[in-house]
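Secondary and tertiary structure notes
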Amino acid sequence: MQIHDDPARLVHDAVEGAIAESRGALILVEEPLHVHRRPAPGDATVAVVSGGGSGHEPLHLGLVGPGMLDAAVPGQVFASPTTAQVLAAIESVDRGAGVVLIVKNYTGDVLNFRFAAENAEDAGRAVEVVVVADDIATESAQGPGRRGTGATLLVEKLAGAAAARGLPLADVARIARSAADRARSLAVAFRSATLPGQNDESFVLPTGSVEFGVGIHGERGEEIAWEGDGSALIDLLVARLYEATGLASGDEAIALVNGLGGTPALQLEAANAYLRRSLGARGVGVVRSLTGNLVTALDMQGVSITLLRLGDDDLDLELWDAPVRTAALSW
């Protein structure tokens, strides 16, 4: 059983429900569909916009608010929003200081966001596009390369905080690109997702197996037999990420321990403890971590780990700790 009247209307109905909970803080634009936060009087800061296929909630809709996103552009489930949607969102939130678009590295998303940016620039607006490509499961010299996954949330947080400080467009974009360059992710699934309107899972894993390197659109990775415990599984992810991020003993990192939609919070908090032990054994300090079902793949059971290697200054931590007030994140 799934809770919807019509799979084709599910995204719109979900957006409507989310807006109703915002107590007037968010504004729904029906056509072309996008959501933006209510601007503060006199605000002339850079705007930060993101979006992509639905099914990853609370990314992106739940991250619209002061200190993070100014607008979110939802596509259909696992499908890019249109160029018209993205352009409309830019026009809704551009306050004269320019707009940063944060885009997950999927072909449709990148094309439509770039086309929207070009159209906005032709109309005299200043726009920067930042592509997040963090999933090392698809590391390749051919094709589109790494997918954009959990690091998107970290990039959005740092960019939103930089914009809230009043930094100019070029600096907000530079900070976002730097974070995207230093962040890497990897995921493992124990059960695949079920698409709206479908009765069966996207793929079925045999008992005693996990899918290593899955994507947030339900893409398969490598099916492997697994008999180890939870800490060994997290250590396997960490070992790959440690190498991919260029971490070394004495370094510090921000970590995201992310559930893929159907993973209990109790298990994710345990995974956070295992992550810290694993990185600590390698001499890496986890100075901040965030745990929860935040960048999801509908109801997939599994976990992804994202590590952001800190830069040479304290700016990452300052921006991470800066106030944020959204439905999904608030401090």
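Quick notes on the rules
- Residues numbered from 1 in each chain as written.
- Predicted model: local features only at pLDDT ≥ 70, side-chain atom pairs only at ≥ 80, totals over all residues.
- Heavy atoms only, no water.
- Helix = DSSP H or I, 4+ residues; strand = E, 2+ residues; numbered from the N terminus.
- Rg over C-alpha atoms; globule rule 2.2 N^0.38 Å.
- Buried < 20%, exposed > 50% of the residue type's maximum accessible area, 1.4 Å probe, protein only.
- Contact = heavy atoms within 4.5 Å.
- Areas by Shrake-Rupley, 256 points an atom, 1.4 Å probe, with all protein chains shown as cover.
- Lys, Arg positive; Asp, Glu negative; His and termini not counted.
- Charge placed at Lys NZ, Arg CZ, Asp CG, Glu CD.
- Salt bridge = Lys/Arg side-chain N within 4 Å of Asp/Glu carboxyl O.
- Pairing = 2+ DSSP bridges.
- Axes fitted to C-alpha atoms, helices over the stretch in contact; angles between N-to-C directions.
- Core = buried A, V, L, I, M, F, W, Y, C linked by side-chain atoms within 4.5 Å.

1. A look at the overall build of the protein
Looking only at helices and strands, one finds 8 helices and 12 strands in the protein. Its C-alpha radius of gyration of 19 Å places the protein within 12% of the 20 Å reference for a compact globule of 331 residues. Each of the 331 residues in the protein was classed as buried or not, and the buried ones make up 52%. In the protein, of all internal contacts separated by at least 6 residues, the share reaching a separation of at least 24 is 72%. Carbon and sulfur atoms form 50% of the exposed surface of the protein, whose accessible area is close to 13800 Å². Each charge class in the protein was averaged separately, 25 positive and 43 negative side chains, and the resulting centres sit 5 Å apart.

2. Some remarks on the pattern of salt bridges
Overall, the coordinates contain 17 salt bridges when judged by the stated rule. Across the pair D43 and R95 runs a salt bridge whose closest N-O atoms are separated by 3.6 Å. Highlighted residues: D43 in the loop between β2 (34-37) and β3 (47-54) and R95 in the loop between α2 (83-93) and β5 (99-104), separated in sequence by 52 residues. Given the relative accessible area of 21%, R95 is considered partly exposed.

3. Points about the sheet that holds strand β8 (residues 209-212)
The strand order β9-β8-β7-β12-β10-β11 describes an open sheet built from 6 strands, whose pairing is mixed. With partners counted over all chains shown, the strands left at the sheet margins are β9 (222-225) and β11 (285-292), one partner each. Taken pair by pair, the neighbouring strands of this sheet meet at an average axis angle of 20 degrees, ignoring direction. Two strands pair when backbone bridges link them, and β8 and β9 are joined in this way by 4 bridges, in the antiparallel orientation. Across the sheet, E211 pairs through a bridge with E223, a residue of β9.

4. Examining the nonpolar core
Ranked by internal contacts, the top residues of the largest apolar core, which has 60 residues, are V100 and L153. Going through the elements one at a time, α1 (10-21), β5, β6 (127-132), α4 (151-164), α5 (169-182), β7 (183-191), β10 (252-259) and α8 (315-321) are the ones with two or more residues in this core. Ranked by residues supplied to this core, first place goes to α4 with 9 residues. Residues contacting L153, with those up to four places away along its chain left out, are L59, L63, M68, L290, L294, V295, W320 and L329. If you look at the next biggest cluster of nonpolar residues, it comprises 23 residues, including F212, I234, V257 and L307.

5. Points about the pairing of β6
By the bridge criterion, 6 bridges tie β5 to β6 in an arrangement that is parallel. Among the inter-strand pairings, V103 is bridged to a residue of β6, identified as V131.

6. Remarks on the sheet that holds strand β1 (residues 26-29)
The strand order across the open sheet built from 6 strands is β1-β2-β4-β3-β5-β6, with neighbouring strands paired in mixed fashion. With one partner strand each, in any of the chains shown, β1 and β6 form the two edges of the open sheet. In this sheet, adjacent strand axes meet at a mean angle of 20 degrees when their direction is disregarded. Here β1 pairs with β2 via 4 bridges, running antiparallel. Its bridge partner lying in β2, I27 is registered against H36. Helix-sheet contacts for α1 involve β1, β2, β3 and β4 (71-77), and the interaxial angle to β4 is about 150 degrees.

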